Amino acid sequence: MDEWTTAQVARLAGTTARTLRHYDAIGLLAPAGTGPGGQRRYRRAELLRLQQILLLKRLGLGLGDINAVLDGDLDEAEALRRHAAQLAAEAERLARLAATVEATIRQLEGGRPMAPDTWFTGLDAPDTRAQAREAWAQQVVERAFTALQHLTPEQRRAVPAEMDRINAALAALRAEGRGPADAAVQDVVADHYRLVEAHWDSRPAPEAYRRLAALYTGDPRFRDPCEQVAEGHAAFLAAAMTRYADTRL
């Protein structure tokens, strides 16, 4: 067999058709082409790339790093070193949490009482990260709102019109089969970056633009309008923005 359908690939790899569609949407694994009725078709090269994706995913790498590794933009060892550092930090937190649980058990069984300031050790990290993301998202919203107040009515109307143009251009390129790393896609993202820069209090640094990209998949205030453009558009835009931050900023 020289070609496989989405359903056949999903069965072979032990994954799902939805996962394969998501990989296509973010430019991680595009099909070789489409058959009758728009059915995606995969060949041996795509199966090999999927094997590499699933292997790197099993090692714990995020999809953005996997894409960078497979495209040759990030050394695999460096990607794994980053992941190892993240694992080490999480292992340290879990060790603190385990010590808290053990001390709590001893206290409940009549042992030495715990000091109140030790009751929550190891519990704060995930919530703190979530709160930090929400706080930063709110800052972005407030920053944009403040900037809009200094614009004329005509300038304010031009902002959503420009965003609509950018989204339409990206959607058209995606429909052509272009991935987030495609040069034409990146040129459109450059327009998005300039639009953000025009309403930022300083030139957005690469990390700030990456964090903004994450909001397009992690915050409904950013994600939902994008999904009205097309299903999967938010993930596509986020991946393209991350790529732009990594390669052009």
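Structure report, in brief. (Residues numbered from 1 in each chain as written. Predicted model: local features only at pLDDT ≥ 70, side-chain atom pairs only at ≥ 80, totals over all residues. Heavy atoms only, no water.)

Across its 15 residues, helix H11 (residues 233-247) extends 21 Å between first and last C-alpha, which sits within 8% of the 21 Å expected from 1.5 Å per residue. For H11, every residue scored as buried is listed here: His 233, Ala 234, Ala 235, Phe 236, Leu 237, Ala 238, Ala 240, Met 241, Tyr 244 and Ala 245. (Helix = DSSP H or I, 4+ residues; strand = E, 2+ residues; numbered from the N terminus. Expected span 1.5 Å × (residues − 1). Buried < 20%, exposed > 50% of the residue type's maximum accessible area, 1.4 Å probe, protein only.)

With that settled, consider the packing of aromatic side chains. All chains considered together, the criterion is met by four aromatic pairs. Taking the centre distance of 5.7 Å and the plane angle of 35° together, the rings of Tyr 193 and Tyr 244 count as tilted. Here Tyr 193 is found in helix H8 (residues 183-198), whereas its partner Tyr 244 is found in helix H11, with 51 residues between them in sequence. Each member of the pair, Tyr 193 together with Tyr 244, is buried. Seen from their ring centres, Tyr 216 and Phe 222 are 5.6 Å apart, and the 75° between their planes marks the pair as edge-to-face. What makes Tyr 216 buried here is its relative accessible area of 10%. Residue class for Phe 222 comes out buried when judged on its relative accessible area of 13%. Aromatic ring contacts, followed pair by pair, group Tyr 193, Tyr 209 and Tyr 244 into a single cluster. (Phe/Tyr/Trp six-rings, centres within 6.5 Å; stacked < 30°, edge-to-face > 60°.)

Right, let's get into the pattern of salt bridges. This structure, assessed with the given rule, holds 14 salt bridges. Asp 191 is paired through a salt bridge with Arg 165; the nearest N and O atoms lie 3.0 Å apart. You can see Asp 191 sitting in helix H8 and its partner Arg 165 sitting in helix H7 (residues 153-175), a full 26 residues away along the chain. With a closest N to O distance of 2.9 Å, Asp 182 and Arg 178 form a salt bridge. Take Arg 178: its relative accessible area is 31%, and that puts it in the partly exposed class. Within the structure, one salt-bridge network assembled from shared partners comprises Glu 162, Arg 165, Asp 191 and Arg 194. (Salt bridge = Lys/Arg side-chain N within 4 Å of Asp/Glu carboxyl O.)

In short, geometric facts, not functional conclusions.
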